[in-house]
Amino acid sequence: MVTHTATNLQALLPNTSKGVMRSYQVVLRCADQTQREEINQRIRTLENQQEHLLTPQIIKQAVNLYRTNPKEEFFTRQLCKTVGKSPNIAESAFHWLYIAIKGKINKEKKAQGLLNFLLKNPQQLVEWVIFGRSPYTERSLENYWRLKRRYIINLLTSTRTQTDSYWRKKHKTNFHAQILQLNTHLPHCTQCEVLQALDDALFYHQHEFSLIPQLTKNQQAFLKKLQLLKKEQHVVVPFLTSWINSPQNSRWKSLKELSEQLTIIIGKPSRKLFSVVRQIVVFTLFDHYMQSVPQLVQVLPISNVVPPPFKRKKKGRLPIKLLMKKNYVITRQGNAQEVTDQIKKQGWTELGFPQKGKQKLTAQVHFPPKVVEYIKSGAHIKVLQVSSGKAPRFKPRVDVVLEGAHACFHSSTLLHRYLKKISAKKTSILGLDINRLGQYMIVFNVPVSLPQDLLNLTKQYEHLSTKVIDELNRGFLRKRKEYDAHGSCKLKGELNRVYTRRHRLLREIVSLLPHFLAAVLVKKKCTVLKIEHLSTDATGTKGALAKAIYTMPDSLLIYKKAVWLASLELGYDILLKTVPPYHTSTRHYKCGGTVVRQPGQYDIALCKKCNQQINTHSNAAHNIASLPGTLLPNDSFPSPHV
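As a starting point, this report considers the structure included with it.

Considerations on the pairing of strand E1 (residues 20-29)
Part 1 of the reasoning: Going residue by residue along E1, you find Val20, Arg22, Tyr24, Val26 and Leu28 tucked away on one face and Met21, Ser23, Gln25, Val27 and Arg29 left uncovered on the opposite face.
Part 2 of the reasoning: The pairing of E1 with strand E7 (residues 397-404) spans seven bridges and is antiparallel. Bridge assignment links glutamine 25 to a residue of E7, and that residue is aspartate 399.
Part 3 of the reasoning: Two strands pair when backbone bridges link them, and E1 and strand E5 (residues 358-366) are joined in this way by three bridges, in the antiparallel orientation.

Here it is as structure tokens:
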């Protein structure tokens, strides 16, 4: 069944990829509760067998085998011969091992690229050795690799921790452990050395900035902060010397606290001195580390920096992967094509769970209507995955992986549902302002209200965040003070369930947003959608700002998917552009005056020039729509991956 929309999709995406894979959960229906618990126990037994196969010796052999031939069929076949196991549960275990090793090798390449970058940038290398972080490195690799900054931060910190452990073991006789140890100890420095580093940093940046024709605002501010610290050197130098010579649990966090204290002592509480103080520390310790660290980094074995797969035991068990070409211990009715045909006809199939010495149990696997529609549109079943459930329900989980063309997985049901409640006034250019979850989560430069289902989800999220979690945390702390182990354990479990529920609400909101945005684009006959180029990262922030950043729907894939869906419906490509986020909220789009927002008042503010009360989000959307944008390439969506 190929619809008109699917035909449009094939025209818009000519031969971008042979196919995509999508994973969906299906329903396993048993005869009664006792049978379900027995089936769940049999699945748990298979999972234990699978887990016992992943020993350190097998993992070591598997890594070497992957390096010689990375093809999965060769990999699993050779490992099965090595362990002498039949390709039933072993092949499922080695499939997950193959994926984990593939991730390890990829991380090794990233770690090698990271170390090569640090060796070419000595200041960032010293910064990484001291703090385990380097903002310049994070921004550079984020733009080069086109990855989330959170991933780069995790790569930097984990690589630094593993490197520190390796250095302490291998070079403890040649180098002082306290010089190489992350966070806790740094080389001893005098006040004269810190003062000299302050002078060197000021001279270096004055010389570098003198070669630039026109300095940016950030460069001008950085130079003024350095000059301020030079002026207040009688306060700054003793504090920094004491900080370097004292052990710290986290150099990154403690330096932030120190920079905040310095602003108060200097009498400039509104200034942010963290980057400048960090630069002085790097200049102070530059000579200490550059004598030995580059040579150590050059000979550092990357395989020791990236740990092997399954070194740390993760929560839960690996699901049993039913490769449809094999005869597994969980039986099914035919191969992949036969099961796909069954789902097309009746919407369900049957799985069998045999056990030696006991009667074989069967259960029906019912596919949701949406998944059946995808299969009828041309997708076919590639893999079934079965995993056991936990107490108190003991409900097994079955996931199906479908493979097919992009057209198979397109559904316009939600889009058409949202279309009914949007006015039909045409607007060729739409500006979109992105905010924290709530009524003004996304605001256009034309009046469009959020649908009720999205508003209900945001209210539930807010209720869990502001009331339920706070009450449970207070109760948990009270039980701990009373040494009530049973009550603490019970409340801790309830907290985990609430956090999971809140995460699922956020995930559901993010999944619905593209369809609503696409409906607005279709109804307004839009040709260009403009959004702010945001790089929101809650790392290092706290309080209300961190909560706002965490709940902002800032993922670029949301808007790329919305543009993709709307383009299919309209029959032409909608352009997605980004604009700089500077002053979009503080400049009144009508008169050009400055919008002043009082603390705690983020939605309505007063314009200084015309004294008009305006909606800050709608005002920002108008400014975004009026700014010239940078066109984003239409190559990241739809993703060909699972």
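Focus on the packing of helix H3 (residues 56-68) against helix H5 (residues 89-120)
Part 1 of the reasoning: It is the contact of H3 with H5, at a shortest axis distance of 10 Å, that shows an interaxial angle of 65°. The hand of the H3/H5 crossing is right-handed. Contacts between H3 and H5 pair Ile58, Ile59, Ala62, Val63, Tyr66 and Arg67 from the former with Phe94, Leu97, Tyr98, Ile101, Lys102, Lys104, Ile105 and Glu108 from the latter.

Thoughts on the sheet that holds strand E12 (residues 595-596)
Part 1 of the reasoning: Read across the sheet, three strands follow the order E12-E13-E14 without closing on themselves; strand pairing throughout is antiparallel. The sheet is open, and its two edges are formed by E12 and strand E14 (613-615), each paired on a single side.
Part 2 of the reasoning: Two strands pair when backbone bridges link them, and strand E13 (residues 604-607) and E14 are joined in this way by three bridges, in the antiparallel orientation. The residue bridging leucine 606 from the neighbouring strand is glutamine 613, located in E14.
Part 3 of the reasoning: Relative to the sheet, helix H24 (residues 616-626) contacts E12, E13 and E14, its axis offset from that of E14 by approximately 70°.

Thoughts on the sheet that holds E5
Sheet strands pair via backbone hydrogen bonds, and the direction of the pair is either parallel or antiparallel.
Part 1 of the reasoning: If you trace the seven strands from one edge of the open sheet to the other, you get E2-E6-E7-E1-E5-E4-E3, paired in antiparallel fashion. Two strands in the sheet have a free side with no partner beyond their single neighbour: strand E2 (320-323) and strand E3 (331-332).
Part 2 of the reasoning: Relative to strand E4 (residues 348-355), E3 runs antiparallel, the two sharing two bridges. Looking at E4, one finds that arginine 332 is bridged to leucine 351.
Part 3 of the reasoning: Running at roughly 130° to E4, helix H17 (residues 336-346) makes contact with E4 and strand E6 (380-387) of the sheet.
Part 4 of the reasoning: The strands that helix H18 (residues 369-376) touches are E1, E6 and E7; relative to E7, the one it contacts most, it runs at about 30°.

Some thoughts on the packing of aromatic side chains
Part 1 of the reasoning: Scanning the entire structure with this criterion turns up 11 aromatic pairs.
Part 2 of the reasoning: Arranged with centres 5.5 Å apart and planes meeting at 45°, the rings of tyrosine 24 and tyrosine 374 form a pair that is tilted. Pair noted here: tyrosine 24 is in strand E1 and tyrosine 374 is in helix H18, with a separation of 350 residues, a long-range link. When sorted by exposure, tyrosine 24 lands in the same class as tyrosine 374, which is buried.
Part 3 of the reasoning: For the ring pair tyrosine 418 and phenylalanine 516, a centre distance of 5.8 Å and an interplane angle of 85° mean the geometry is edge-to-face. One end of the pair, tyrosine 418, is in helix H19 (residues 413-419); the other, phenylalanine 516, is in helix H21 (residues 485-523), and 98 residues separate them in sequence. You'll find tyrosine 418 and phenylalanine 516 in the same group, each marked buried.
Part 4 of the reasoning: Between the NZ or CZ atom of arginine 22 and the centre of the ring of phenylalanine 409, over which it lies, the distance is 5.9 Å.

Remarks on the pattern of salt bridges
Part 1 of the reasoning: Applying the stated rule across the entire model yields 17 salt bridges.
Part 2 of the reasoning: As a salt-bridge pair, glutamate 108 and arginine 67 come within 3.1 Å of each other at their nearest N and O atoms. With a gap of 41 residues between them, glutamate 108 in helix H5 and arginine 67 in helix H3 connect regions that are remote in the sequence.
Part 3 of the reasoning: Overall, arginine 67 belongs to the partly exposed group, its relative accessible area being 43%.
Part 4 of the reasoning: Aspartate 603 is the salt-bridge partner of arginine 436, the closest N and O atoms lying 3.9 Å from each other. You can see arginine 436 sitting in the loop between strand E8 (429-434) and strand E9 (442-444) and its partner aspartate 603 sitting in the loop between E12 and E13, a full 167 residues away along the chain.
Part 5 of the reasoning: Beyond isolated ion pairs, a larger network of salt bridges with shared partners links Glu38, Arg42 and Lys358.

About the thresholds
Each chain has its residues counted from 1, following the order in which its sequence is written. Totals for whole chains, interfaces and linings use every residue, but because this is a predicted model, local features are given only for residues with pLDDT of at least 70 and side-chain atom pairs only at 80 or more, for both listing and counting. Each side-chain value is worked out from all heavy atoms of the structure, with water and hydrogens disregarded. A simple rule labels every residue: compare its accessible area, found with a 1.4 Å probe on the protein chains alone, to the largest value its type can have, and call it buried under 20%, exposed over 50%, or partly exposed in between. Put simply, DSSP H or I for four residues or longer makes a helix, DSSP E for two residues or longer makes a strand, and each gets a number counted from the N terminus. Strand pairing requires that DSSP identify at least two bridges connecting the strands. Working convention: axes come from line fits to C-alpha atoms, limited for helices to the stretch in contact. Angles between N-to-C directions cover 0 to 180 degrees. Left-handed describes a crossing whose near helix is turned anticlockwise from the far helix through less than a right angle; right-handed describes the clockwise counterpart. By definition in these notes, contact holds between two residues if any of their heavy atoms fall within 4.5 Å. Note on ring pairs: Phe, Tyr and Trp rings are taken, using the six-membered ring of Trp, and paired if centres are within 6.5 Å. Classes follow the plane angle, with under 30 degrees stacked, over 60 edge-to-face and the rest tilted. In this scheme, Lys NZ or Arg CZ marks a charge over a ring once it lies within 6 Å of the ring centre and within 35 degrees of the ring normal. Just to be clear on terms, a salt bridge is a Lys or Arg side-chain nitrogen sitting within 4 Å of an Asp or Glu carboxyl oxygen.

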